[in-house]
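# What the coordinates show
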Amino acid sequence: MRVDVVTIFPEIFGGPLDCSIIKRVRDSGLLDVRVHNLRDFTTDKHHVVDDYPFGGGAGMLMKPEPWFAAVESIREDAEPPPHTVFLTPQGAVLTQAKARELAQRPALLLLCGRYEGVDERVREALVDEEISVGDYVLTGGELPALVLIDAVARLLPGAVGNEDSVADESFSEGLIEYPQYTRPRSFRGLEVPEVLLGGHHEQIRKWRRKQALLRTRERRPELFEHVTLSEEDVELLSEDS
Ligand code: 9D3
């Protein structure tokens, strides 16, 4: 997958994209990320990207011309034509389903806003889809773009370690995780649940499923509402304790 990013803070992207799984996916050639500085597409001496809002109001807006120049330049160069996503608090909240959908695209173009927002004509003319990462206020679209890249990169077919964990995810879809333990089995008087030590795989599977169901009901009732319970699930939930 090819991902182009447009931002006034390209330096934000260096660290996160150069570590861990994303780094590996990039090195393997499955993911090609190119970060572009919006200021490189200005034509004035001071590389100005913002201006006052018509009609007044607090703060500055991003001017349309550099966005049009950047997107048009990237589209000329990018093959195939990228699906263009604007990261904005007004967008639909990113979900795992959306990440899966975006991971199918051969090319994405991510636009990161700053200031109070972007001239509306940028969305109208250049943007296919608007995405938010949640209902809290950030300072711009750069961290959301990194979140999106991270969520998508690990789903790319062939991404290292992809197969097992991604399959596991569709199985536990809509549930939060069961409790997990590693060695030592006793630590400061805190014990690992007996069932996990016995190697009885069917019992372990049922215990984990039950824990995931109980935890989801308790901690994420809005997720639990959407879970389709199997006969076994109903039975697990009706057990004592
Ligand atoms: C406090 C400013 N707000 C006034 C109504 C509007 C506003 C403009 C720009 C709020 C945040 C931002 C910067 N944020 C993003 O560009 C952003 C974002 C976010 O803040 N939260 C979650 N997802 C995203 S995606 C892009």
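Quick notes on the rules
Residues numbered from 1 in each chain as written. Predicted model: local features only at pLDDT ≥ 70, side-chain atom pairs only at ≥ 80, totals over all residues. Heavy atoms only, no water. Patch = residues over 30% accessible without salt bridge, like charges linked within 9 Å, V, L, I, M, F, W, Y side chains within 5 Å. Areas by Shrake-Rupley, 256 points an atom, 1.4 Å probe, with all protein chains shown as cover. Salt bridge = Lys/Arg side-chain N within 4 Å of Asp/Glu carboxyl O. Lys, Arg positive; Asp, Glu negative; His and termini not counted. Charge placed at Lys NZ, Arg CZ, Asp CG, Glu CD. Helix = DSSP H or I, 4+ residues; strand = E, 2+ residues; numbered from the N terminus. Buried < 20%, exposed > 50% of the residue type's maximum accessible area, 1.4 Å probe, protein only. Near = heavy atom within 4 Å. Polar contact = N/O pair within 3.5 Å; in protein donor to acceptor, adjacent residues only side chain to side chain. Nonpolar A, V, L, I, M, F, W, Y, C, P; charged D, E, K, R; others polar. Contact = heavy atoms within 4.5 Å. Domains from an automatic or database assignment. Pairing = 2+ DSSP bridges. Axes fitted to C-alpha atoms, helices over the stretch in contact; angles between N-to-C directions.

Our next topic: a negative patch on the surface. On the surface, Glu163, Asp164, Asp168 and Glu177 cluster together into a patch of negative charge. Relative to the elements of secondary structure, Asp168 occurs in helix H7 (residues 162-171). Asp168 gets classed as partly exposed once you look at its relative accessible area, which sits at 43%.

Further remarks concern the site of the ligand. Around the ligand, the surrounding shell holds 16 residues, and the nearest of these are Glu116, Val133, Gly134, Tyr136 and Leu138. For the ligand, a nitrogen atom lies 3.3 Å from a polar atom in the side chain of Ser132. Interatomic distance of 2.9 Å between a backbone N/O atom of Leu138 and an oxygen atom of the ligand. Burial of the ligand by the protein amounts to 72% of the accessible area it has alone, namely 570 Å². Where the shell around the ligand is concerned, the elements lending two or more residues are strand E5 (83-93) and strand E7 (129-132). Of all the elements, E5 adds the most residues to the shell around the ligand, at 3 residues. In terms of residue class, the shell around the ligand is built from 9 nonpolar, 6 polar and 1 charged.

What follows concerns the environment of Leu38. Tracing the chain through its elements places Leu38 in the loop between strand E2 (32-37) and strand E3 (50-51). Taking the C-alpha atoms as reference points, Leu38 and Asp119, separated by 81 residues in sequence, lie 14 Å from one another. In this view, Leu38 contacts Val6, Thr7, Ile8, Val49, Met62, Pro66, Trp67 and Ala70; residues no more than four positions away in its chain are not counted.

With that out of the way, let us pick up the domain arrangement of the protein chain. In terms of domain boundaries, the protein chain breaks down into domain 1 (2-153) and domain 2 (170-238). Here the C-alpha centroids of domain 1 and domain 2 sit 38 Å apart.

Taken as a whole and judged by the stated rule, the model has 19 salt bridges. Note that Arg220 and Glu222 form a salt bridge whose closest N and O atoms lie 2.6 Å from each other.

Next up on the list: the sheet that holds strand E6 (residues 107-112). A sheet is described by the order of its strands in space; here 5 strands give the open sequence E2-E1-E6-E5-E7, paired in parallel fashion. Strands with a single pairing partner mark the edges of an open sheet, and in this sheet they are E2 and E7. Averaged over all neighbouring strand pairs, the angle between strand axes comes to 30°, with direction disregarded. When strand E1 (residues 2-7) meets E2, the two strands line up parallel, connected through 6 bridges.

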